[in-house]
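# Observations on the three-dimensional arrangement
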Amino acid sequence: LAAALRVRFEDFVRKLEELGFEDVQSDHVLNAENAGLVAMEYNFEPVVDESEDRDLHAAPVAEDRSEIPLRPPVVTIMGHVDHGKTTILDYLRKSSVAATEFGGITQHIGAFSVALSSGKTITFLDTPGHAAFLNMRQRGANVTDIVVLVVAADDSVMPQTLEAIKHAQAARVPIIVAINKIDKPEAAPERVKHDLARHGIEVEDFGGDTQVVAVSGKTGQGIKDLEGAISLQSEILDHRAETDGPVEGWVLEATTKKSGRVATVLVRRGNLKQGDILVAGTTWTRVRTLRNEGGITVNAVGPGMPVEVDGWEDQPDAGDEVLEAPDEQKAKDVVDWRIEKEERVKLAKDMEAINEARKAEQEKRERGNRATAAGPDADADQATSQDVAASSKRSNVVPFILKADVSGSAEAVHEAISTLGNNEVWSHILRSGVGGVSEFDVEHAAAARGHILAFNTTAEPRIRQMAEVKGVEIIEDNVIYRLVNTVKAKLSEKLAPLV
Ligand code: GDP
């Protein structure tokens, strides 16, 4: 809900507390009525879709909770530099599902899962450190269920240890402490516990709830105990997720490989299968292949598991929320709508910037005029008035919107055009994109008092007419240097006439 309302999770939880909700965790389930009330607090008008409604009627979700299947917890490893995060992850990775079942080679896809002898599974995010954790959270992606805080037994609590504690606590993610390098002769685990207790971590040995496990990433000592502690914590937190219904998840990372665009999706609910249609950010895919961290094709993946998904129209971003769409058309509609929304937000920002610049220009000009009007008597002002005159000339920006047939040519034209100009007048590309000139492009150009460049693409007669009415010039060409010359001519029109 926080993501849907576009508020930071921490602020959202604070709001819930203000409203009287207690002990809120990221997997807290709100019923429709409460979700609606909260949405109204953020000035949204909630619409309850009765046909989709599962929680408005008699049995609240919480009562049915034991019927929802358990899911693997998702763990992030944090801690001070050199305390052994990577070493521990490497050790764990060796016992990952992929490594044990598929011949031992694990590929980096951003996460891996470890099967325990108890039959349970734990998923580890494969990027240690705080930046990844924070980046995801800033985008509203509450991926991590448990933080394993690594503290070296020979170094104890250090600045980044405290930072990790702060982040985990702010995100309300429970901590398990792994005291690492226990194999070293100078290891002093008791000191670590005391230091942690001094910084507000209620360690188990001193009567608190925070589990502490002594490990060695190097020898593997205690790693099984760490897995056990995570598993126990997950049982206490009762991590569950429905495996039926539409798939939801998060993008952990995305990249382009020889085979095309791929993204690692961490499934949050539902059962992700081949042929499913997913939307993430402003892109979508019909899943062709699902691969686990061993690079092995799998048929389906359930909640709490990471999987590499191919076939994306465009590359999604880490932290994007993944939602299943019922069909391709719906996926495309959602993406189009999101792109348009993004463009409108950008347009509003551009307009604000342009209006600011115009206002500043106007003010400078007025000041310049006043100074000039003062005439040669005002010797002392002369230097300033010249400066003002020069700088008012300098703020002659000519905005363009660029459309091209393919992204490669858009980039090439963008590069050629954006370097044009001198210190009096220059071109500024507000936005560039692929495809024909759209209604929105004309609106944008009209609002910015700019021109449209159409490279190797064109505008429908309807759009052309609209542009004419709005006084927007559409400059079409399919040869870069000619387009550049036309733009240069446009720029010189704006040069102040020589006096
Ligand atoms: P990170 O910066 O937290 O990811 O730390 P690394 O995993 O890169 O470890 C830093 C150094 O500590 C490396 O030289 C590791 O070999 C060493 N190291 C990590 N874990 C252990 C351990 O359990 N015992 C010993 N003796 N050395 C370790």
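Model, not experiment: these values are computed from the prediction. (Residues numbered from 1 in each chain as written. Predicted model: local features only at pLDDT ≥ 70, side-chain atom pairs only at ≥ 80, totals over all residues. Heavy atoms only, no water.)

### Things to note about the pattern of salt bridges
Applying the stated criterion across every chain, the model contains 28 salt bridges. Between Arg240 and Asp238 there is a salt bridge whose closest N-O contact spans 2.8 Å. Measuring nitrogen to oxygen at the nearest pair gives 2.8 Å for the salt bridge that ties Glu439 to Arg462. Linking Glu439 in helix H14 (residues 439-448) with Arg462 in helix H15 (residues 461-470), this pair joins segments that are 23 residues apart in sequence. Overall, Glu439 belongs to the partly exposed group, its relative accessible area being 37%. Take Arg462: its relative accessible area is 48%, and that puts it in the partly exposed class. One salt-bridge network, held together by shared partners, links Asp90, Arg93 and Asp126. (Salt bridge = Lys/Arg side-chain N within 4 Å of Asp/Glu carboxyl O. Helix = DSSP H or I, 4+ residues; strand = E, 2+ residues; numbered from the N terminus. Buried < 20%, exposed > 50% of the residue type's maximum accessible area, 1.4 Å probe, protein only.)

### A short note on the packing of aromatic side chains
As enumerated under the stated definition, the model contains 2 aromatic pairs in all. Where Phe12 meets Tyr42, the ring centres are 6.3 Å apart and the plane angle is 25°; that geometry is what we call stacked. With a gap of 30 residues between them, Phe12 in helix H2 (residues 9-18) and Tyr42 in the loop between helix H3 (32-41) and helix H4 (61-64) connect regions that are remote in the sequence. For Phe12, a relative accessible area of 5% translates into the label buried. Positioned above the aromatic ring of Tyr42, the side-chain terminus of Lys15 is 5.5 Å from the ring centre. (Phe/Tyr/Trp six-rings, centres within 6.5 Å; stacked < 30°, edge-to-face > 60°. Lys NZ or Arg CZ within 6 Å of the ring centre and 35° of its normal.)

### Examining the site of the ligand
Around the ligand, a shell composed of 15 residues is seen, among which Asp82, Lys85, Thr86, Thr87 and Asp183 lie nearest. Contacts to the ligand include Thr87, whose side-chain N or O atom sits 2.5 Å from an oxygen atom. A distance of 3.0 Å separates an oxygen atom of the ligand from a polar atom in the side chain of Lys181. Burial of the ligand by the protein amounts to 74% of the accessible area it has alone, namely 580 Å². Top contributing element to the shell around the ligand by residue count: helix H5 (residues 85-94), with 3 residues. Of the residues belonging to the shell around the ligand, the class tally is 1 nonpolar, 8 polar and 6 charged. (Near = heavy atom within 4 Å. Polar contact = N/O pair within 3.5 Å; in protein donor to acceptor, adjacent residues only side chain to side chain. Areas by Shrake-Rupley, 256 points an atom, 1.4 Å probe, with all protein chains shown as cover. Nonpolar A, V, L, I, M, F, W, Y, C, P; charged D, E, K, R; others polar.)

### Considerations on unusual backbone geometry
One non-glycine residue, Arg172, adopts positive backbone phi at about 55°. Its relative accessible area of 33% is what places Arg172 among the partly exposed residues.

### Topic: the sheet that holds strand S2 (residues 111-115)
Within a sheet, each strand pairs with its neighbour through backbone hydrogen bonds, oriented either parallel or antiparallel. With mixed pairing, 6 strands are arranged side by side in an open sheet as S2-S3-S1-S4-S5-S6. Of all strands in the sheet, those bounded by a partner on one side alone are S2 and strand S6 (212-214). Direction aside, neighbouring strands of the sheet carry axes that sit 30° apart on average. The sheet contact formed by strand S4 (residues 146-152) and strand S5 (residues 175-180) spans 6 bridges and is parallel. Of the residues in S5, the one forming a bridge with Val148 is Ile176. (Pairing = 2+ DSSP bridges. Axes fitted to C-alpha atoms, helices over the stretch in contact; angles between N-to-C directions.)

### What about H3?
Listed in full, the buried residues belonging to H3 are Ala32, Ala35, Gly36, Val38 and Ala39. Around the axis of H3, the buried residues are gathered within 165° of arc, so they sit on the same side. Positive backbone phi, at 65°, marks Asn43, one or two positions downstream of H3. (Arc of directions from axis to C-beta.)

### As for the packing of helix H13 (residues 407-418) against helix H16 (residues 480-493)
One way to put it is that H13 packs onto H16 with a least axis distance of 10 Å and a crossing angle of 35°. With respect to the hand of their crossing, H13 and H16 are arranged in right-handed fashion. Contacts between H13 and H16 involve Ala412, Val413, Ala416 and Ile417 from the former and Ile480, Leu483, Val484 and Val487 from the latter. Residue composition of the contact of H13 with H16, by class: 8 nonpolar, no polar and no charged. (Left-handed = near helix turned anticlockwise from the far one by under 90°. Contact = heavy atoms within 4.5 Å.)

That's the geometry; what it means functionally is another story.
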